[in-house]
Amino acid sequence: MATPPRELITANLKTVLATITVAGGYKTTVVTVERIAKAPNEVSKAKMPWIGICPGRSSIVHAPFKRTRITQPYDLVCHLEGSTAEARALALNNLLDDIVAVLYVDPTRGANAT
C-alpha cells in the first residue's frame, strides 16, 4: 500500500525544516527537528534551535465530481536560547523568517499538497 500523502507531507516538512542553516543562506542554523511537541524544559540547549512538528485536526470537504479536499494544519513549536528577552525575540523572529522562506521554496511539499 502506498504511503498516505499526509505522511509524505509531514516527512517533507521535517526534511525541509532541517535544511535551515546559516551556510544555506538563512539567519539561523536549526539543530533539531522532531515530529513531536515538547516543553522548553524537555529540550536540551545542545538541541536548540529546536522545531517540533505537530499535525492538527484534518478537515475534509467533499466537492462535486467526486473530488475531496483535505486540509491539514500544522503547528510548529520552536525552542531556542538567548541570554536576554531581546536576544530571544530577535532569534525567534529570525527563525520565523527562515521557516517562511524555506517553506515557500516548494509549497506543494514534493507535489503532495496543492
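Scoring rules and cut-offs
Residues numbered from 1 in each chain as written. Predicted model: local features only at pLDDT ≥ 70, side-chain atom pairs only at ≥ 80, totals over all residues. Heavy atoms only, no water. Salt bridge = Lys/Arg side-chain N within 4 Å of Asp/Glu carboxyl O. Buried < 20%, exposed > 50% of the residue type's maximum accessible area, 1.4 Å probe, protein only. Helix = DSSP H or I, 4+ residues; strand = E, 2+ residues; numbered from the N terminus. Polar contact = N/O pair within 3.5 Å; in protein donor to acceptor, adjacent residues only side chain to side chain. Contact = heavy atoms within 4.5 Å. Expected span 1.5 Å × (residues − 1). Arc of directions from axis to C-beta. pLDDT = per-residue confidence, 0-100. Pairing = 2+ DSSP bridges. Axes fitted to C-alpha atoms, helices over the stretch in contact; angles between N-to-C directions.

Using the criterion set out here, one finds three salt bridges in the structure. The closest approach of N and O atoms between Lys38 and Glu34, which form a salt bridge, is 3.1 Å. Judged by its relative accessible area of 21%, Glu34 is partly exposed.

Mapped onto the elements of the fold, His79 is located in strand E5 (residues 74-79). In terms of polar contacts, His79 uses its side chain to reach the backbone carbonyl oxygen of Lys38, at 2.6 Å. His79 has contacts with Lys38, Ala39, Pro40, Val43, Met48, Pro49 and Trp50, leaving out every residue within four places of it along the chain.

As a further point, take helix H1 (residues 5-17). Structurally, the α-helix is built with 3.6 residues per turn, so residues lying three or four positions apart point the same way. If you check H1, its first and last C-alpha atoms are 18 Å apart, about what 13 residues at 1.5 Å a residue would give, namely 18 Å. Buried within H1 we find Ile9, Thr10, Asn12, Leu13, Val16 and Leu17. Down the axis of H1, the buried set is contained in an arc of 160 degrees. They therefore lie on one face. Lining the buried residues of H1 we find strand E1 (32-34), strand E2 (50-55), E5 and helix H2 (85-105).

On average, the chain scores 94 in pLDDT, and the residues at 70 or more come to 100%. When mean pLDDT is taken per element in the chain, E1 scores highest with 98 and strand E4 (residues 67-71) scores lowest with 89.

Spatially, E1-E2-E5 is the arrangement adopted by the three strands of the open sheet, whose pairing is mixed. Across the chains shown, the open sheet's two edge strands, defined by having one partner strand only, are E1 and E5. Ignoring which end each strand starts from, the neighbouring axes of this sheet average 15 degrees apart. Pairing geometry for E1 and E2, over three bridges, is parallel. Within E2, the position partnered with Glu34 by the bridge is Gly52.

What follows is about the environment of Val16. Of note, Val16 is situated in helix H1. Once the C-alpha coordinates of Val16 and Val33 are considered, the two residues, 17 residues apart in sequence, prove to be 9.6 Å apart.

You can see Thr10 is positioned in helix H1. Apart from residues no more than four positions distant in its own chain, Thr10 is found in contact with Arg35, Ile53 and Tyr74.

On the secondary structure map, Lys47 appears in the loop between E1 and E2. Residues Lys47 and Leu92, 45 residues apart in the sequence, show an inter-C-alpha distance of 15 Å. Ignoring any residue separated from it by four or fewer positions in sequence, one finds Lys47 in contact with Val31 and Thr32.

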